[in-house]
Amino acid sequence: MAKCKDRNEDFKDSVRSAALSLDYSESKVAAIMASMIMRKPKQKSPFTKAALRTLESIDELERFILKHRKDYVDLHRTTEQERDGIEHEVSVFIKACKEQVEILTNRIHDEEENRNSKSWLSLRGDGSHADLIAHRHGVVLILSERLHSVTSQFDQLRAARFQDAINRAAPRRKLHRVVNSSSVKPSESSQLDLEEHELSSEPLRLQQQHLDDETRALQVELTSLLDAVQETETKMVEVSALNHLMSTHILQQAQQIEYLYEQAVEATNNVDKGNKELSQAIERNRGSRTFLLLFLFVLTFSILFLDWYS
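Residues numbered from 1 in each chain as written. Predicted model: local features only at pLDDT ≥ 70, side-chain atom pairs only at ≥ 80, totals over all residues. Heavy atoms only, no water.

### Points about the overall build of the protein
When its secondary structure is counted, the protein shows seven helices and zero strands. Ordered by position in the sequence, the α and β elements of the protein form the string α-α-α-α-α-α-α. Expressed as a percentage of its 310 residues, the buried residues of the protein come to 22%. Of the contacts formed within the protein by residues at least 6 apart in sequence, a portion of 82% connects residues at least 24 apart. When the accessible surface of the protein is split by element, carbon and sulfur atoms take 58% of a total near 22,800 Å². (Helix = DSSP H or I, 4+ residues; strand = E, 2+ residues; numbered from the N terminus. Buried < 20%, exposed > 50% of the residue type's maximum accessible area, 1.4 Å probe, protein only. Contact = heavy atoms within 4.5 Å. Areas by Shrake-Rupley, 256 points an atom, 1.4 Å probe, with all protein chains shown as cover.)

### Brief notes about the pattern of salt bridges
Proximity of charged atoms lets side chains of opposite charge pair with each other. A full pass over the atoms with the stated rule returns six salt bridges. Note that Glu87 and Arg158 form a salt bridge whose closest N and O atoms lie 3.2 Å from each other. Pair noted here: Glu87 is in helix α5 (residues 80-118) and Arg158 is in helix α6 (residues 126-196), with a separation of 71 residues, a long-range link. Among the salt bridges present, the one from Lys235 reaches Glu231, with a minimum N-O distance of 3.7 Å. Of this pair, Lys235 and Glu231 both sit in helix α7 (residues 202-309), four residues apart, which is roughly one turn of the helix. Judged by its relative accessible area of 49%, Lys235 falls in the partly exposed class. With a relative accessible area of 45%, Glu231 lands in the partly exposed category. Three or more residues are tied together by salt bridges with common partners; here these are Asp59, Glu62 and Arg146. (Salt bridge = Lys/Arg side-chain N within 4 Å of Asp/Glu carboxyl O.)

### Description of the nonpolar core
Judged by nonpolar contacts, the single largest core of 26 residues is most densely connected at Leu61, Ile65, Val90, Leu104 and Val140. Those elements that place two or more of their residues in this core are α3 (46-67), α5, α6 and α7. No other element matches the eight residues that α6 contributes to this core. Apart from residues no more than four positions distant in its own chain, Leu104 is found in contact with Phe47, Ala50, Ala51, Thr54, Val140 and Leu143. (Core = buried A, V, L, I, M, F, W, Y, C linked by side-chain atoms within 4.5 Å.)

### Remarks on α3
Between its first and last C-alpha atoms α3 spans 31 Å; for 22 residues at 1.5 Å apiece the expected length is 32 Å, and the two agree. Here α3 has its buried residues at Phe47, Ala50, Ala51, Thr54, Ser57, Ile58, Asp59, Leu61, Glu62, Phe64 and Ile65. (Expected span 1.5 Å × (residues − 1).)

### Brief notes about the packing of aromatic side chains
Counted under the stated rule, the structure contains four aromatic pairs. Ring plane angle 45° and centroid distance 5.2 Å describe the contact between Tyr72 and Phe154, whose orientation is recorded as tilted. Of this pair, Tyr72 sits in helix α4 (residues 69-73) while Phe154 sits in helix α6, and the two are 82 residues apart along the sequence. Judged on exposure class, the residue Tyr72 and its partner Phe154 are both buried. Seen from their ring centres, Phe305 and Tyr309 are 6.4 Å apart, and the 20° between their planes marks the pair as stacked. Of this pair, Phe305 and Tyr309 both sit in helix α7, separated by four residues, roughly a single helical turn. (Phe/Tyr/Trp six-rings, centres within 6.5 Å; stacked < 30°, edge-to-face > 60°.)

### Overview of the environment of Ala50
Tracing the backbone shows Ala50 in helix α3. Judged by its relative accessible area of 10%, Ala50 is buried. Not counting residues up to four positions away in its chain, the partners in contact with Ala50 are Leu104 and Arg107.

### Here we look at the environment of Ile257
Counting through the fold element by element, Ile257 comes out in helix α7. By relative accessible area, which is 6% here, Ile257 ends up buried. Residues Ile257 and Val139, spaced 118 residues apart in sequence, show a C-alpha to C-alpha distance of 9.7 Å. Apart from residues lying up to four places away in sequence, Ile257 is in contact with Thr105, His137, Val140, Leu141 and Ser144.

### A short note on helix α1 (residues 8-21)
The terminal C-alpha atoms of α1, which comprises 14 residues, lie 20 Å apart, in line with the 20 Å expected from a rise of 1.5 Å per residue. One or two steps after α1, the chain reaches Asp23, where phi turns positive at roughly 65°.

### Considering a nonpolar patch on the surface
Among the surface-exposed residues, Phe291, Leu292, Phe295, Leu296, Leu299 and Ile303 lie close enough to one another that they form a single nonpolar patch of about 620 Å² accessible area. Since its relative accessible area comes to 52%, Ile303 is described here as exposed. (Patch = residues over 30% accessible without salt bridge, like charges linked within 9 Å, V, L, I, M, F, W, Y side chains within 5 Å.)

### As for the layout of surface pockets
As a volume, the largest pocket reaches approximately 640 Å³. Lining the largest pocket are 24 residues, and of these Asp84, Glu87, Arg161, Lys235 and Met236 sit closest to its centre. Breaking the lining of the largest pocket down by element, the ones donating at least two residues are α5, α6 and α7. For the lining of the largest pocket, the leading source of residues is α7, giving eleven residues. Split into classes, the residues belonging to the lining of the largest pocket amount to nine nonpolar, five polar and ten charged. (1 Å grid on protein atoms, 1.4 Å probe; cavity = no way out; pocket = protein on both sides within 12 Å on 5 of 7 lines; lining within 4 Å. Points joined across faces, edges and corners; volume = space filled by probe spheres on them. Nonpolar A, V, L, I, M, F, W, Y, C, P; charged D, E, K, R; others polar.)

Everything listed here is a matter of geometry and, on its own, says nothing about what the molecule does.
Structure (structure tokens):
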């Protein structure tokens, strides 16, 4: 994010230079500078700084996903190990962002508990504090929804990779079956050839044995490739299930934060109503106290008058 630079001092220097160029006196320049109300920007709170850092991390995660989108989906651009590395980095990014959101949520709860432990209810300050808590709950809700939106983009890429792995595994399974059936037929035909042509030449037998060895080696290689694909499919299913579970938890947290935000707003309204009721009670108490003093004064004067009269 681009940071804003404070140019107030530069502006003041420009105004002073322009005033001196117009032959203003020092007293008039001082009056002009004093009339300028240019306050420094208010310092951001630690919560705001942490929220901005979390937003920057989420934006960086989205840029990383968009940058490696083609590398992750296209099989001809990267290898399986490189795609696994991209997925691992994205998982680390998501975990870090989730931890930052949880830290913000815990900080809000800690501030609420500290506030409640200091004072149960006060006439001044509670309304603004409740508004601040509600605002922070809204910030955490926005960050959670933003993180869920970014993770859903990577879920789509992961689902595409998983579907492509399934599509590539299906023809290899058929090829494995064809190789098994073909390996049986050459063995049977070779046995018949050996029985019928026992007096064949030695080079022919060596060539046949060489072909059989190549067939068995090809079968072993295809079997190992099939096992690797099946293992990859299992890992992809597990990772997809874990990611879906994590997305579900993030969505549930977003719903809980939204519910807490609504409760905070309702609590703010209740506190405002309570402050109004207390103010009215104080006014009524003040009026009744004035009436009581007036009554006691009249009663005392009446007693003194009756005593004097008698």
